[in-house]
Structures are given as structure tokens and as C-alpha cells.
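Take a look at the letters that make up each chain.
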Amino acid sequence: MSRTILITGATSGFGKACAIRFAGNGWRLILVGRRKERLDQLDTDLASQTAVLKIPLDVRNRTEVLEKFQSLPPDFNEVDVLVNNAGLARGLLPAPECDLDDWDNMIDTNVKGLTYCTRAILPGMVSRNSGLIVNIGSVAGNWPYPGGNVYGATKAFVQQFSRNLRADLLGKNIRVTNIEPGIAKTEFSVVRFKGDWAQADKVYKNTEPLRAEDIAGIIWWLANLPEHVNINQLEVMPTMQAWGPLAIARKS
Ligand code: NDP
Ligand code: 8X3
């Protein structure tokens, strides 16, 4: 029987690439995102390859997440892989200048939304004693950078939440992996810079970032590892990215 993957943030970037990768291999898809027209388009594109269930919702809506994820139709209610990918950065300003609405948005989506999705899907995995949860963290959860303030902190939450899930699930046949990508060309920067494509383009100018398909390939690899193997965390950067020196303020 074909297996089922639930992908949050399937309308773009990593999530969309992941949907395409798994559809091509016959997995049933549960696709989640706010932009319904994009879910419809993906459904149209992939319907010839596999069965698709579209769930247009905002992961920040706790009631809706729980309602929809806990009443999946019979063909889709055994989720083998949950990809907690929906997320965003808003702004790159220093903390004293940040908009609190942006901070709320990142915390509500990257932290709270991710926990709602996980909590809704976990009991089914536990009762079947089988499953894989792939959380999408970030290098920003490991390494601070100017303007990363709340975004990086939400991804540090994802890292520790992933590890704590492993601790709670010890003895069960359920795996949890936190993927921590570096710079990747998706709609991420357009969202971070609130629709300013010129500013977003500068992020990727004259370099070779990761591609969404690279992350989809890693998720595919994770889903096909032997069940006794758990990758706890996986930090991945493009070859053209590395660390800089620590910053030092000097008196003039
Ligand atoms: P994109 O902006 O291309 O995709 C983000 C996806 O998240 C979209 O499908 C969007 O769908 C969905 N999403 C955002 N907010 C919500 C919400 N409230 N409810 C439901 N879905 C939501 O960016 P990426 O593919 O790059 O981002 C995917 C993940 O990867 C994020 O968690 C991001 O933080 C992380 N990441 C990205 C990196 C990068 O450089 N690109 C590097 C490291 C991590 P919709 O708007 O339709 O709801
Ligand atoms: C996205 C990567 O470096 O822009 O999580 O924060 S970065």
C-alpha cells in the first residue's frame, strides 16, 4: 500500500518541491497552506501521479489545525511522514526597531503552528507505533546573526522541541529529524522583505544557494532510511556559504 505524507507549507519552496518528489514516487499527499489556488494548481499537476488531499488553512489557527488533522478521511488518516515546513521570517531589523506584529507572526507560525500540527498527528503515529516527523529548522537556530533576533530564536525552539520529542518517544518506532538549511532560493526572502523582490534578489546575487529540490531530496532520503536509524539533526549549507568571524566593536 502506498504511504502518506503530510506537508505543511506545500504551496511554495521546500514544501512544494517535497510534494513533487513524493508524488513522483507514488506517495499519497496531504498538502497544507493558506493559498488555496496554489494547492488547487498543485493538485491539478500531481493528480495523475497520486492521490492528493488539500487542506487550505493557516497553521496559526489551533482549532482548525486540530479539527482538520484529527478528522482526516479514511484514505489519508494514517500519516507516515509529517513535514513541519510552514514557516517564515519577517524583517531583518535590529531588535529595538522591530515590529512586534512581525515577532508575533514568526512565533505564532514557526513555534506555535508547528506544535499544533505535531500534537494533532502524533497520537495516530503512536497508536500505529510508526512514523517520521521532519521539522524544518534553520542554521539561524544554531548561529546568531544581526537581524536574526526572533526568527533565529523560533528555529532554536524547533531544534530543542525536536530533541525533546525524541526523548518523549523513546521506545516507540517514531523518528524525529530537524533539518537546518542555510541559504536557499525560495520565496523566503520575498516574504522576509514583505514583497520587495529587489531586496530579496540581492540575497541570492552572484552566489549559488541551496535549491528547494535539495531539501526535498534530503527528506526523501530520510523517509527511506531503515526504521531503526534516526537522524537527529542535519545542518546543510550550500558550498558557497560558511561562517564569518565573530564581530568585535571597537572604540573610535
Ligand atoms: P517559502 O516562502 O517559499 O515557503 C513557505 C511556505 O510556508 C509556504 O508554502 C507558505 O504557504 C507556508 N506558510 C507560511 N505561513 C503559513 C501559515 N501561517 N500557515 C500555513 N502555511 C504557512 O519559503 P521556504 O520554502 O524557504 O520555507 C520553508 C521553511 O524553511 C520555513 O520554515 C523556513 O523558515 C525554512 N527555512 C528556509 C530557508 C531559506 O533560506 N529559504 C533556510 C532555512 C530554513 P502559504 O503562504 O500559502 O500559507
Ligand atoms: C533561513 C536561513 O540564514 O536567512 O532560515 O536565516 S537564514
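This section reports on the structure supplied with the text. (Residues numbered from 1 in each chain as written. Chains lettered and ligands numbered in written order. Predicted model: local features only at pLDDT ≥ 70, side-chain atom pairs only at ≥ 80, totals over all residues. Heavy atoms only, no water.)

What follows is about the overall build of the chain. Of the regular secondary structure elements, the chain holds eight helices and nine strands. Of all 252 residues assigned to the chain, the portion counted as buried reaches 47%. Within the chain, residue pairs in contact and separated by at least 24 positions form 70% of the contacts whose partners lie at least 6 positions apart. Counting only carbon and sulfur atoms, one obtains 53% of the accessible surface of the chain, whose full area is about 13000 Å². (Helix = DSSP H or I, 4+ residues; strand = E, 2+ residues; numbered from the N terminus. Buried < 20%, exposed > 50% of the residue type's maximum accessible area, 1.4 Å probe, protein only. Contact = heavy atoms within 4.5 Å. Areas by Shrake-Rupley, 256 points an atom, 1.4 Å probe, with all protein chains shown as cover.)

Overall, parallel pairing links the seven strands, which are arranged β3-β2-β1-β4-β5-β6-β9 in an open sheet. Edge positions in the sheet fall to β3 (52–56) and β9 (233–236), since each of these pairs with one other strand and no more. With strand direction ignored, the average angle separating the axes of adjacent strands in the sheet is 15°. Pairing of strand β4 (residues 81–84) with strand β5 (residues 131–136), which is carried by four bridges, proceeds in the parallel orientation. By the bridge assignment, Val83 is partnered in β5 with Val134. Along the sheet, helix α1 (residues 13–23) contacts β1 (4–8), β2 (28–33), β4, β5 and β6 (174–181); its crossing angle with β1, the most-contacted strand, is approximately 165°. In the packing of helix α8 (residues 212–223) onto the sheet, contacts are made with β4, β5, β6 and β9, and the angle to β6 comes to roughly 160°. (Pairing = 2+ DSSP bridges. Axes fitted to C-alpha atoms, helices over the stretch in contact; angles between N-to-C directions.)

The next point concerns the packing of aromatic side chains. Applying the stated criterion to the full structure yields six aromatic pairs. With 4.9 Å between their ring centres and 80° between their planes, Phe22 and Trp220 make a pair best called edge-to-face. One end of the pair, Phe22, is in helix α1; the other, Trp220, is in helix α8, and 198 residues separate them in sequence. Per residue, the accessibility class of Phe22 equals that of Trp220, and both read buried. Aromatic side chains Phe157 and Phe161 sit 5.5 Å apart centroid to centroid with 15° between the ring planes, which places their arrangement in the stacked category. Placement of the pair is Phe157 and Phe161 together in helix α5 (residues 149–168), with a separation of four residues, close to one helical turn. Ring pairs connect the aromatic residues Phe22, Trp27 and Trp220, which therefore count as one cluster. Seen from the ring of Phe76, Arg28 lies directly overhead, with NZ or CZ sitting 5.8 Å from the centre. Between Arg192 and the ring centre of Tyr151, over which it is positioned, the NZ or CZ distance is 5.3 Å. (Phe/Tyr/Trp six-rings, centres within 6.5 Å; stacked < 30°, edge-to-face > 60°. Lys NZ or Arg CZ within 6 Å of the ring centre and 35° of its normal.)

Inspection of every chain in the model, using the stated rule, returns 11 salt bridges. Where Lys54 meets Asp43, a salt bridge forms, and the shortest distance between an N and an O atom there is 3.2 Å. Of the two residues, Lys54 is situated in strand β3 and Asp43 in helix α2 (residues 36–46); the sequence distance between them amounts to 11 residues. Relative accessible area serves as the criterion here: at 31%, Lys54 is assigned to the partly exposed category. Residue class for Asp43 comes out buried when judged on its relative accessible area of 17%. Between Asp102 and Lys194 there is a salt bridge, with its nearest N and O atoms 2.4 Å apart. Highlighted residues: Asp102 in helix α4 (residues 100–128) and Lys194 in the loop between α6 (188–192) and α7 (197–204), separated in sequence by 92 residues. The exposure class assigned to Lys194 is partly exposed, which follows from its relative accessible area of 45%. (Salt bridge = Lys/Arg side-chain N within 4 Å of Asp/Glu carboxyl O.)

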